[in-house]
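Residues per chain are reported as follows:
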Amino acid sequence: MSESLSKEEAKILVDKYAEDAIRPMKNHKGFILWMGFLGLVLVIFAYAYFLQLRDGLSVTAMRDYVSWGLYIANFVFFVAASLVGMLISAVLGLLNQKWVKPITRVSEIIALGFVLIAGLVIITDMGRPDRFLNLFLHGRLQSPIVWDVTVIITYTAISTLLFLLPLIPDLAFIKRRMKDMPKWQYHIYNVLSLGWMGTAEQYKLLHKSIRMLSIIIVPVALSIHTVTSWLFASTLRSGWDTTIFGPYFVAGAFVAGAAAVIILMFILRSNYKLEDYFTDHHFDMMGRLLVLVSLLYAYFNINEFLVPAYKMRSGEAVHLYTLFQGAYAGLFWSVQIIGMGLPIIFMMFKEWRKPANLTFIAIIVLIAAFIKRIIIVVPTLLHPYLPIQNVPEKFHQYFPTWIEMAVTAGAFAMALIIITILLKVFPVIPMWELAEEKGITEEFEKQE
Amino acid sequence: MSDKKSKNNSRREFLKIGSLFGVGVAAAGAAAYSGFASQDGHGTSGETILSESEQKIKVLTEDGTLAEIKASELTPIKKDEYTDALQSQGREGIAGKHWAMVIDLSRCRNVRACMASCQNAHHLRDEQHHINVLRMQDDRNTEPYFMPKPCFHCDNPPCTKVCPVDATFKRQDGIVLIDNERCIGCRFCIAACPYSARVFNWFEPKDAEKDEELLYNVELNVPQKKGTVSKCLFSADRLREGKLPYCVSACPNGVYYFGDLNEDAVTNGTSGETVRFSELIRQNAGYTLMPELGTKPNVYYLPPKNRMFPFEFKGKTTLDDEHHG
Amino acid sequence: MKKNNIITNFSVLLILLMPLMGWTQSEWMVSDTKQKEKNPVAFSDASVKDGKVQFMANCKSCHGDPGKDNGLPLVPKPTDLTLQAFLDLNTDGSIYHKMTDGQITMPSYKAILSDQQRWSIVNFLRSMDKNHKVAESVAASKPQKEAPKEEVAIAEAPYYLSLSVDAAKNEATTVFQGTLNGEKTAIEGAEIFIGIKRYFNNLPVMDAGATTNSQGIIKTSYPGDLLSGEDGKAELIAYVIDTETYGEITAHQEITLSPAHPNHFKDTRALWADRSHFPWWLMITYLSIVLIVWSVMAKVVINMLKIKSLGK
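Since this is a predicted model, take the numbers as computed values, not measurements. (Residues numbered from 1 in each chain as written. Chains lettered and ligands numbered in written order. Predicted model: local features only at pLDDT ≥ 70, side-chain atom pairs only at ≥ 80, totals over all residues. Heavy atoms only, no water.)

Novice: Can you walk me through the overall build of chain A in this structure?
Specialist: When helices and strands are tallied, chain A shows 18 helices and 0 strands. A compact globule built from 448 residues should have a C-alpha radius of gyration of about 22 Å, and chain A, at 23 Å, falls within 12% of that. C-alpha extents for chain A along the principal axes are approximately 80 × 50 × 40 Å. For chain A, buried positions account for 63% of its 448 residues. With an accessible surface of roughly 17,500 Å², chain A has 69% of that area assigned to carbon and sulfur atoms. One finds the centroid of the 37 positive side-chain charges in chain A at a distance of 2 Å from the centroid of its 32 negative side-chain charges. (Helix = DSSP H or I, 4+ residues; strand = E, 2+ residues; numbered from the N terminus. Rg over C-alpha atoms; globule rule 2.2 N^0.38 Å. Buried < 20%, exposed > 50% of the residue type's maximum accessible area, 1.4 Å probe, protein only. Areas by Shrake-Rupley, 256 points an atom, 1.4 Å probe, with all protein chains shown as cover. Lys, Arg positive; Asp, Glu negative; His and termini not counted. Charge placed at Lys NZ, Arg CZ, Asp CG, Glu CD.)

Novice: Before we go on, may I ask you to explain the interface of chain B and chain C in this structure?
Specialist: How large an interface is tends to be reported as the accessible area lost when its parts come together. Taken together, the 53 residues of chain B in the interface contact 41 residues of chain C. Each partner contributes to the roughly 3,900 Å² buried at the junction of chain B and chain C, and carbon and sulfur atoms together form 58% of this total. One can count 2 salt bridges joining chain B with chain C. The shortest N-O distance in the salt bridge between C:Asp225 and B:Arg276 comes to 3.2 Å. Taken together, the connections running from chain B to chain C amount to 10 residue pairs in polar contact (both at pLDDT 80 or more). Those elements that place two or more of their residues in the side of chain B that touches chain C are helix H3 (79–92), helix H4 (113–121), helix H5 (158–162), helix H7 (236–240), strand E13 (256–260), strand E14 (265–268) and strand E15 (274–276) of chain B. Broken down by element, the residue count for the side of chain B that touches chain C peaks at 3 residues, all from E15(B). (Contact = heavy atoms within 4.5 Å. Buried area = accessible area lost by both parts, 1.4 Å probe. Salt bridge = Lys/Arg side-chain N within 4 Å of Asp/Glu carboxyl O. Polar contact = N/O pair within 3.5 Å; in protein donor to acceptor, adjacent residues only side chain to side chain.)

Novice: I would appreciate a short explanation of the confidence of the model for chain B in the present structure.
Specialist: Caution applies to low-pLDDT regions: their predicted coordinates should not be interpreted in detail. All names here are of chain B. Residue-level pLDDT values for chain B average 80, and 74% of them are 70 or greater. The spread of mean pLDDT over the elements of chain B runs between strand E1 (residues 23–24), the lowest at 36, and strand E16 (residues 299–302), the highest at 97. Note on residues 1–53: pLDDT is under 50 here. Beyond four places in sequence and across chains, it has 103 contacts. Across the predicted assembly, pTM comes out at 0.83 and ipTM at 0.91. (pLDDT = per-residue confidence, 0-100.)

Novice: Any chance you could explain the sheet that holds E13(B) here in plain terms?
Specialist: Think of a sheet as strands paired side by side through backbone hydrogen bonds, with each pair either parallel or antiparallel. Residues and elements named next belong to chain B. Read across the sheet, 5 strands follow the order E15-E14-E13-E6-E16 without closing on themselves; strand pairing throughout is mixed. Whereas interior strands pair on both sides, the edge strands pair on one side only; in this sheet they are E15 and E16. The mean inter-strand angle of the sheet, taken between neighbouring strand axes irrespective of direction, is 25°. The pairing of strand E6 (residues 99–104) with E13 spans 5 bridges and is classified as antiparallel. Following the sheet pairing, tryptophan 99 is matched in E13 by aspartate 260. (Pairing = 2+ DSSP bridges. Axes fitted to C-alpha atoms, helices over the stretch in contact; angles between N-to-C directions.)

Novice: How should I be thinking about the interface of chain A and chain B in this particular structure?
Specialist: Counting from both sides, the interface comprises 46 residues of chain A and, opposite them, 53 residues of chain B. Counting each side, the surface lost to burial between chain A and chain B is near 4,100 Å², with a carbon and sulfur contribution of 56%. At the surface where chain A touches chain B, the tally comes to 2 salt bridges. Here A:Asp125 ties to B:Arg187 by a salt bridge, and the two come within 2.7 Å at their closest N and O atoms. Summed over the shared surface of chain A and chain B, the result is 32 residue pairs in polar contact (both at pLDDT 80 or more). For the side of chain A that touches chain B, the elements supplying multiple residues, two or more each, are helix H2 (31–55), helix H6 (134–137), helix H7 (144–164) and helix H10 (200–233) of chain A.

Novice: Would you take a moment to explain the packing of H10(A) against helix H10 (residues 280–310) of chain C for this structure?
Specialist: For any two helices packed against each other, one specifies the crossing angle of their axes together with the interaxial distance. One can describe the packing of H10(A) onto H10(C) by two numbers: an axis separation of 10 Å at closest approach and a directional angle of 165°. Relative to H10(C), the element H10(A) lies roughly antiparallel. When you trace H10(A) past H10(C), the crossing you get is left-handed. Across the interface between the two elements, A:Glu201, A:Gln202, A:Leu205, A:Leu206, A:Ser209, A:Met212, A:Leu213, A:Ile216 and A:Val220 of H10(A) pack against C:Ile292, C:Val293, C:Val296, C:Met297, C:Lys299, C:Val300, C:Asn303, C:Lys306, C:Ile307 and C:Leu310 of H10(C). Taken together, the residues of the contact of H10(A) with H10(C) break down into 13 nonpolar, 3 polar and 3 charged. (Parallel < 35°, antiparallel > 145°, perpendicular 65-115°, else oblique. Left-handed = near helix turned anticlockwise from the far one by under 90°. Nonpolar A, V, L, I, M, F, W, Y, C, P; charged D, E, K, R; others polar.)

Novice: When you look at a nonpolar patch on the surface in this model, what are you seeing that I'm missing?
Specialist: Nonpolar side chains collect at one region of the surface, where A:Leu295, A:Trp333, A:Ile337, A:Ile338, A:Leu342, A:Ile345, A:Phe346, A:Met348 and A:Phe349 lie side by side and expose about 850 Å² of accessible area between them. Of the residues forming the nonpolar patch, the biggest block, 6 residues, is contributed by helix H14 (residues 329–347) of chain A. (Patch = residues over 30% accessible without salt bridge, like charges linked within 9 Å, V, L, I, M, F, W, Y side chains within 5 Å.)

Novice: Please explain the sheet that holds strand E8 (residues 250–256) of chain C as it appears in this structure.
Specialist: Residue and element names in this part refer to chain C. Judged by pairing direction, the sheet is antiparallel, and its 4 strands sit side by side in the order E5-E4-E7-E8 without closing on themselves. The outermost strands of the open sheet, each flanked by one partner alone, are strand E5 (202–204) and E8. Neighbour to neighbour, the strand axes of the sheet diverge by 30° on average, direction disregarded.

Right, dumping it as structure tokens:
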């Protein structure tokens, strides 16, 4: 690249980094309004969850047959969305894809926001949240739920490290550059920057550590979603009882995560004038990436549905009828066609990989990804092997109640609050990595 | 047969009083598991009985004998100890037994006395079925039939496999129980059970207020608790007393046989007739439901052949259900 | 709450019984031709015996023990079929056809019992009918044979029931004796139950309706291959069925049958076992994965501390 940047040029560039990184943290336009909105959602969530605690899960639409519903679907979605941190920062980073550098922090923030809340989402689904500690007191290692708890805690820890570690030089930089910040903020930067001096030795350790984390996060992230898929695949129910669920879920998670990153990139770019970092090229590349993972996902979908549909074994047949032409056909085909098929085709054209267009597609893909989780969870439960009889009519169907929706919305609000705060407190651009790429690390680390 | 109902009631009365004051009886040589009301009606509160030292009190000892001792000699067991004793015996099971049930489909005519007595014994809501009589039809050209479906107490139970907290477990006598003091309400076991044999307490349980002072008996799963799973227990509490399960003895049509596979004998709940399990299964082509799932059920069915009653039901059968479209 | 339950229970009962209530008002009538049908199975000891076996297996569960009026508490109550009133009112044909066709709670036995068996049940019931002429004529036709029996029947208490087994042949011998003139005397024709004790009830091993022979003996074989706990130990029980005449007389005998091979569910290391019995391979895999990942993280944290110390 531009190895031969002059001293002046380098200084200008570093100054620009500082300005661009600090701008989102200073610019509070709409921040209060946004947080106020999320706060309001949280209040509704609190009331809804209070009702659920008081009256038990009877306030949901779940009953003995559809015993998992929106909450579990939501949990799967959160886990899926958090997987993207691994994909972009670790996998592409290890593959030496230079273009992902500016996006890494965005993806790590999304990962962190969603994985921190995923654990809470699963608690909202528990009949006895007061007994949560039983998982540790009486945990049975044979249970996929205990595996899930383990991997989620592990992934949260790794994601936090992988978020904090690359922040060290940037925080030291911001600490030097940012004027008139509140004391607490300075304090945070001071502690988290670990007395970073920018010495060669420190850089060596930093690179080594990041590399270690990038490698170890790959299997952990794969297992977080694979184990989540085993919550379903480890049962004997038609529609869940399939060996492909692990990779199927992982591919789906890549799709959802990539879409989430595109949306967040667009918001940051248009709100904080970060066009120089989230360039059209980045959107183009993210579009290609989304096509790639969508194709992968489509491939798994074909395997997941075509193979059993070819055989139409009794239990599977009932399930597939429901999806293909039964009660869930509308949702199913919308998700498959509008949420997966058409986006793949559209995104193959350069025009649709432009920022605004791509973001539009990403929003559709993300919504479809959420609905897909419901389609995975609910229809299977509606069709057990033995008929549903001698129970009220309500047991034969499932449509979430407002309380379930409010609790789900609350979970989203929490994740978005975390993401927003992280964006406000920490620089969203990994400046030192860009500087390193441009060969101006010396200028970047220059103490004033 | 006629006193079956009253037996159920007295059993429940027993537990209720037992919960008010667990008593230990040194004289009887064993810890007493349930107190028993004294004859002259002072049985409503533990304190009254304990204060009147001259009174004699009837107690049921662990081995099932009814004994009478002076009230002053009673030593109350702490509530915790009593619960612990119930828990540990409930989790252990009855040594040397392997319980199994045989359901003769040719005799079932949808009377549902089994369902009623079960719901009654376990304080279940109307829509909660530990045992559910289903209307089955396997194929368009086959005859419909009624099929009572309890928990199958599988030898390879998919439900206990997935429990994250050891709340549902398999005992040495093969019974799969649920401990609702431990259950966190994740409902993974409900998802895992291919026979839909488990129910959840979505609402406050039916007798929640009335049962408040009851001590929890894991073998009866009473009192039921909101936010926990409940399931068929093969009436583990009754087996301990040498009695047949609630559903088995409630059936007026001789549908159910119940017994111990290690004795190769099952007893019909209606006629009391005991037959060899292996012969019964062999001669009547007994089978288990969906053996291809590998769950190894302990509930066997005898095919609905030579039916004693015509299938009289004006409603949907399995085949009519929308999902078999 | 409780009320609710009672109401539902009642309503279930009501729905069940509704059709029956109407029926109890009128008698269960069988058409004339059917009533007049004659019993093609001759009244004989063999037929009565067969009828008794069938009665015990199929009718007793609702109608109760003959003569004891202890049928199930259903509405309408299943009649004790040995009541004289019932036997007087119904012809052979009518009993047979009631059995054959069934009505509401009374199931049809057409598919379950053969013609012969159903007629034998009629014969069995008639054997308890005081006004039954054939029964009398049969009795009258063999007074000579009956005579010695009457003599034996004079045997009085105390009664002795002994039970011995030939373990090699799996054969049990039951001897029933009474006292006559101060001496032990065999009692002939007494019905004895012989069975193996099981958890809920005894498993009968004698032929149904077996009676003692002239030496007061019943020989019966028992299934040596019957599983019976881990040690195969079991208890053989014999008792005299006619407790009204003889009182409660029982005999016990320890026998050894086949040992069962119980599943030791509690000790099995399996995925479904409790947490103290989870499979070792899973334990090792799980712990090593967790250990590796967390030690990498620990290493990274140490590196961060190193970075910090380098900064000083």
